[in-house]
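# Survey of secondary and tertiary structure
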Amino acid sequence: MAKLIVTAAVTGAIHTPSLSPYFPWTPDQIVEDAVAAHAAGAAVVHVHARDPQTGRPSSDFNIFREIVTKISARCDAVICVTTGGSLFMSMEERVRPISVLQPELASLNSGSINFAIYPLAAKIKEPRFDWEIPYLQSTEDLIFSNTFKTLKYYAKAMKEAGTKPELEVYDVGMINNIRHLLDLGVMQPPIYMQFVLGILGGIPATTQNLVFLYETAVRAIGEKNFVWSACAAGKTQLPLMAVTMTMGGNTRVGLEDSLYVGPGQLAKSSAEQVTRVVNIANQLSFEVATSDEARAILGLKGKSHTGWAETAAGAR
Ligand code: KMH
Ligand code: ZN
């Protein structure tokens, strides 16, 4: 049985600083949480960048560079760089960190959805920053756009950078989008899919839906042609990870997708959620993959081939 890859997504573009005192958003906080998550058992860390002054999601590749360089100087984690960006960025903004940084792994959102996080606005009583409530509220009228034209653009940029796409699948039809891209030769198997359940606008986070996604992927893509992982937004995050690993999938946790570690209990870090998922894995006799084992399972080019490899070595 293949070892279990645990990914930690530490900041994302969903939550805002006022939603949790533990939420990391400065580059150093993001680095600390990523390094701690790796030490707790996360083979992969999934990173976004945020404005160091305001915590607003940012596409500034200098911030990305600072984050990935500092993480790389301190640990061996596979770094997955987002191209989801914030929900409002252009295609060019979203892809720039890939062309510049050439990471081992990068997210590729495999279709468009209503990406609605506006209910979170009501949870903020005293916003720390002016942008937070309008940002969340405006998603009532937001389509997170990932058209076929842009999917091809991201896939091409990743191929040129030697970066493996982590294909984010928010609903079952997106598996069909991926099949289309495979048919066109835009990407080649084996592919890596991340099933993202529980986003308002996407597929709800239930066991039945996870099975439906997996079985659809087996039929559409072929069992031997993909490696998969799942994550779930909000309170279903940890329970669904137990189901995922039992089904043979890999797991993603982190404050990007859930601020909690139990009912009403804020997680103090993504590392705390990683520890929880690693404990569940150990209880069920699953072995957790190291970063190098994850590289082998996913077919990654290796840390020394990233765009920041020399800088990180120099910073050591
Ligand atoms: N936070 C996930 C729901 C990306 O980074 O490209 C979406 C995500 C997208 O992880
Ligand atoms: Zn993300």
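Here, the structure is the one placed above.
Now for a look at the structure at hand. Just so it is clear, the model here is predicted, and its values are computed rather than measured.

Scoring rules and cut-offs
- Residues numbered from 1 in each chain as written.
- Chains lettered and ligands numbered in written order.
- Predicted model: local features only at pLDDT ≥ 70, side-chain atom pairs only at ≥ 80, totals over all residues.
- Heavy atoms only, no water.
- Core = buried A, V, L, I, M, F, W, Y, C linked by side-chain atoms within 4.5 Å.
- Buried < 20%, exposed > 50% of the residue type's maximum accessible area, 1.4 Å probe, protein only.
- Helix = DSSP H or I, 4+ residues; strand = E, 2+ residues; numbered from the N terminus.
- Contact = heavy atoms within 4.5 Å.
- Donors = N, O, S within 2.8 Å, 3.2 Å for Na, K, Ca; no water.
- Near = heavy atom within 4 Å.
- Polar contact = N/O pair within 3.5 Å; in protein donor to acceptor, adjacent residues only side chain to side chain.
- Areas by Shrake-Rupley, 256 points an atom, 1.4 Å probe, with all protein chains shown as cover.
- Nonpolar A, V, L, I, M, F, W, Y, C, P; charged D, E, K, R; others polar.
- Pairing = 2+ DSSP bridges.
- Phe/Tyr/Trp six-rings, centres within 6.5 Å; stacked < 30°, edge-to-face > 60°.
- Axes fitted to C-alpha atoms, helices over the stretch in contact; angles between N-to-C directions.
- Parallel < 35°, antiparallel > 145°, perpendicular 65-115°, else oblique.
- Left-handed = near helix turned anticlockwise from the far one by under 90°.

### Examining the nonpolar core
Of all hydrophobic cores here, the largest spans 95 residues; its most connected members are I71, F115, I191, M193, F195 and L197. Considering every element that reaches this core, the biggest residue donor is helix α5 (residues 148-161), with six residues. Ignoring anything within four residues of it in the chain, the contact list for I71 reads V31, A34, V35, V45, V47 and I79. Counting 12 residues, the second largest nonpolar core, distinct from the first, contains V227, A294, L298 and L300.

### Quick look at the coordination of the zinc ion (ligand 2)
Around the zinc ion (ligand 2), the protein supplies H46 (NE2), H48 (NE2) and E256 (OE) as donor atoms, at distances of 2.0 to 2.1 Å. By relative accessible area, H46 is classed as buried at 1%.

### With respect to the site of ligand 1
Inspection of the region around ligand 1 gives 15 residues, with H48, T82, S107, N109 and E256 positioned closest. Between ligand 1 and the protein, one listed contact pairs an oxygen atom with a side-chain N or O atom of T82 at 2.6 Å. At a separation of 2.6 Å, an oxygen atom of ligand 1 approaches a polar side-chain atom of S107. Coverage of ligand 1 by the protein amounts to 97% of the 300 Å² it exposes when considered alone. Here the residues of the shell around ligand 1 sort into five nonpolar, six polar and four charged.

### Looking at the pairing of strand β6 (residues 105-109)
β6 sits mainly inside the fold: five of its five residues count as buried. In β6, alternate side chains face the same way, and those of L105, S107 and N109 on one face and A106 and L108 on the other are all buried. Taken together, the five bridges between β6 and strand β9 (residues 164-169) define a ladder with parallel strand orientation. Note that in β9 the partner of N109 across the bridge is E168.

### Concerning the packing of aromatic side chains
A full pass over the atoms with the stated rule returns nine aromatic pairs. Seen in terms of ring centroids, F144 and Y170 are 6.3 Å apart; in terms of plane orientation they differ by 85°. Their pairing is edge-to-face. A residue pair is termed long-range when its members are at least 10 positions apart, and F144 in strand β8 (residues 143-144) and Y170 in the loop between β9 and α6 (173-184) qualify at 26 residues. Accessibility expressed as a relative area gives 2% for F144, which makes it buried. Residue Y170 is classed as buried on the basis of its relative accessible area of 6%. Taken together through their ring pairs, the aromatic side chains of F195, Y214, F226 and W228 make up a single cluster.

### Notes on the packing of α5 against α6
Close contact between α5 and α6 brings their axes to 11 Å; oriented N to C, the two are set at 60°. Judged by the inter-axis angle, α5 sits oblique to α6. Handedness of the crossing formed by α5 with α6: right-handed. On α6, the residues that touch F148, L151 and K152 of α5 are N177, H180, L181 and L184. Per-class residue counts for the contact of α5 with α6 are four nonpolar, two polar and one charged.

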